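These are the residues of each chain, in order.
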Amino acid sequence: MRIEAIALTKSGDEKERGFGTMKKMVSVLAASAVLVASVSSGAPEYAIYPDDGWGKTVAASAAELSVQGDVNADGQFDIADAVALQQWLSGVADAKLVDWKAADFHADETLDGLDLCRMKQALRAVQSQTNQIRVTNTEEFKTALAQAKAGDEILLAAGEYVYSGATPKGYMFTSAADGTAENPIIIRSENPDHPAILSGSSTASNITLAIQGDWWEIRDLKVTNAQKGIVLDNSNHTKIIGCEVYQIGSEGIHFRDNSSYCLAEACLVHDTGVVSPGYGEALYVGSAKSTTGYGYECHYNTIRNCKLGPNVAAEHVDIKEYTIGTIVEGCTFDGTGMSGENSAKSFINAKGNDCIIRNNIGYRNGCTAIQRAFEQNQVVEGWGQNASVYGNQVYMDTATNTWGKKMYFLNAWDCSATVWDNFMAYDGELFSVDNEEDHWNYYNCNLLTYGKQ
């Protein structure tokens, strides 16, 4: 219909179609009626007339006919309305509000800065609404990834999604789309109690899930049966939460190729390195200096509250040179099944700078490959420095490792570290390792600083 707003005198006679401030003729197609509104004083009064001028008029309130926030009366609430209100409040010449009542978020018959604040909050809420896409099989999931855009929420029904098809760069399930801070792209199981399983075709090759865009959330999935489980390539601000990664040929989760500000939280990673034990880390941050084709700058990534192991064949967390500010916190390490290949001999190997290792618990569980709890290494000059290691508890079974040397809490020669509030146990109770007089019993580190006590 055509809906026309016409200014009337208070008696209802037509006064003008050329409105001044706060008066404007608005036409939209809807059903078959002409809307006449009085805006000469007070709240608008509305009447709906049939198109042919005959028949009964129908009364309608402003609330029934307007969209909250839609001050320019174009039928939708968007950024243009916020701009119009801000200009009107600022006294910009010729600034007009067609439907001022739509801006009265405070419901006090007055327009002011509080209404503008609430309008902006409401606009952000509208803009952050997600587009849910439910998938039930492999092809639907591949299509959803290929067409993904900011604000999409891809819901995977319970079941197994076994990849088939081309694998460019070794990617199987993959997307390079970008989300935004307000509208991330989300992949999650429809029912976390019955998580969807993403499966590759062989533990000897390819990557089950590879994300190359920014602002993704990957939640409540099981990922299995590939050379690598989840890889973030040039992906920033992406979160991997509540996922289980297992039966993987090499590393479970890899933050790679300039991926920064990413998070792995509450994930369970086990049975990695089943093909290549020396490369079977649970989580891997960055790339080794010998690696080519990938950016090294994987900075300020966080690994939080994850359970890593059993049967993680290499280190639970490997933090490579050229990375900055990696945080590993609140994690539990199960040493059962570490292979010792490719120098894997500790829960964490930190080769980047400014790493924070805090509030973790490690269990050697009789694994003879584990020779110390944590280590730093200066693989490249100037790297492997300035670690903060605190609030950790490790159960190492014995005071002497299988090399016949001391079971150190931290081995970090020529690498600087600040430590406090750390505890270790051999075959009994936990004890503090942060007494300076006992430095060389627990820390093989010539650049050690004792911090807060």
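Residues numbered from 1 in each chain as written. Predicted model: local features only at pLDDT ≥ 70, side-chain atom pairs only at ≥ 80, totals over all residues. Heavy atoms only, no water.

**What about the pairing of strand S19 (residues 244–248)?**
The buried fraction of S19 is high, at four of five residues. Of the pairings in the sheet, the one linking strand S16 (residues 222–226) to S19 comprises four bridges and is parallel in character. Bridging from a neighbouring strand, Val-223 pairs with Val-245 of S19. In this sheet, strand S22 (residues 268–272) lies alongside S19 in parallel orientation, the contact comprising four bridges. Within S22, the residue paired with Glu-244 across the bridge is Leu-268. (Buried < 20%, exposed > 50% of the residue type's maximum accessible area, 1.4 Å probe, protein only. Helix = DSSP H or I, 4+ residues; strand = E, 2+ residues; numbered from the N terminus. Pairing = 2+ DSSP bridges.)

**Section: the sheet that holds strand S13 (residues 197–199)**
Spatially, eleven strands are ordered S10-S13-S16-S19-S22-S25-S28-S31-S34-S37-S38 in an open sheet, and the strand pairing comes out mixed. Two strands bound the open sheet, and with one partner strand each, they are strand S10 (160–162) and strand S38 (431–432). Here three bridges tie S13 to S16, and the two strands are oriented parallel to one another. Bridged to Leu-198 within S16 is Val-223.

**A look at the packing of aromatic side chains**
For the coordinates displayed, the defined rule picks out 17 aromatic pairs. Measuring from ring centre to ring centre gives 5.1 Å for Phe-141 and Phe-173, while their planes differ by 40°; the resulting arrangement is tilted. One end of the pair, Phe-141, is in helix H4 (residues 138–146); the other, Phe-173, is in strand S11 (residues 171–175), and 32 residues separate them in sequence. Both rings, one in Phe-431 and one in Tyr-442, keep their centres 5.5 Å apart while their planes meet at 45°; by these two values the pair is tilted. Highlighted residues: Phe-431 in strand S38 and Tyr-442 in helix H5 (residues 439–442), separated in sequence by eleven residues. Given a relative accessible area of 13%, Tyr-442 falls into the buried group. Among the aromatic residues, those joined into a cluster by ring pairs are Phe-333, Phe-347, Phe-374, Phe-409, Tyr-443 and Tyr-450. One cation-aromatic arrangement involves Lys-142 over Tyr-163; the distance from NZ or CZ to the ring centre is 4.9 Å. (Phe/Tyr/Trp six-rings, centres within 6.5 Å; stacked < 30°, edge-to-face > 60°. Lys NZ or Arg CZ within 6 Å of the ring centre and 35° of its normal.)

**Some details on the sheet that holds strand S26 (residues 317–319)**
The parallel open sheet is built from ten strands, whose spatial order is S11-S14-S17-S20-S23-S26-S29-S32-S35-S39. Two strands lie at the open edges of the sheet, namely S11 and strand S39 (443–444), each paired on one side alone. Sheet topology note: the strand S20 (residues 253–256)/strand S23 (residues 283–285) ladder contains three bridges and is parallel. If you follow His-254 over to S23, its bridge partner there is Tyr-284.

**Comments concerning the environment of Lys-239**
Among the secondary structure elements, Lys-239 is positioned in strand S18 (residues 239–241). Of the residues examined, Lys-239 reaches a relative accessible area of 35% and is grouped as partly exposed. A sequence separation of 25 residues divides Lys-239 from Asp-214, and the C-alpha atoms of the two residues are 9.9 Å apart. Not counting chain neighbours up to four residues away, the residues in contact with Lys-239 comprise Trp-216, Glu-217, Ile-218 and Leu-263. (Contact = heavy atoms within 4.5 Å.)

**Things to note about the confidence of the model for the protein chain**
Averaged over the protein chain, the pLDDT score is 87; the fraction of residues at 70 or greater is 84%. Within the model, pLDDT remains below 50 along residues 1–65, and this stretch shows 110 contacts once partners closer than five positions in the same chain are excluded. (pLDDT = per-residue confidence, 0-100.)

**Considerations on the pattern of salt bridges**
The full count for this structure, using the stated rule, is 17 salt bridges. Measuring nitrogen to oxygen at the nearest pair gives 3.6 Å for the salt bridge that ties Glu-265 to Arg-304. A residue pair is termed long-range when its members are at least 10 positions apart, and Glu-265 in strand S21 (residues 263–265) and Arg-304 in strand S24 (residues 302–304) qualify at 39 residues. What makes Arg-304 partly exposed here is its relative accessible area of 25%. (Salt bridge = Lys/Arg side-chain N within 4 Å of Asp/Glu carboxyl O.)

**Examining the state of the cysteines**
One pass over the full model with this rule turns up zero disulfides. Cys-306 provides the cysteine sulfur closest to Cys-331, a residue in no disulfide bond, and the two sulfurs are 4.7 Å apart. The closest cysteine sulfur to the non-disulfide-bonded Cys-415 is located on Cys-445, 7.3 Å from its own sulfur. Exposure remark for Cys-415: the relative accessible area of 0% places this residue in the buried category. (Disulfide = S-S within 2.5 Å.)

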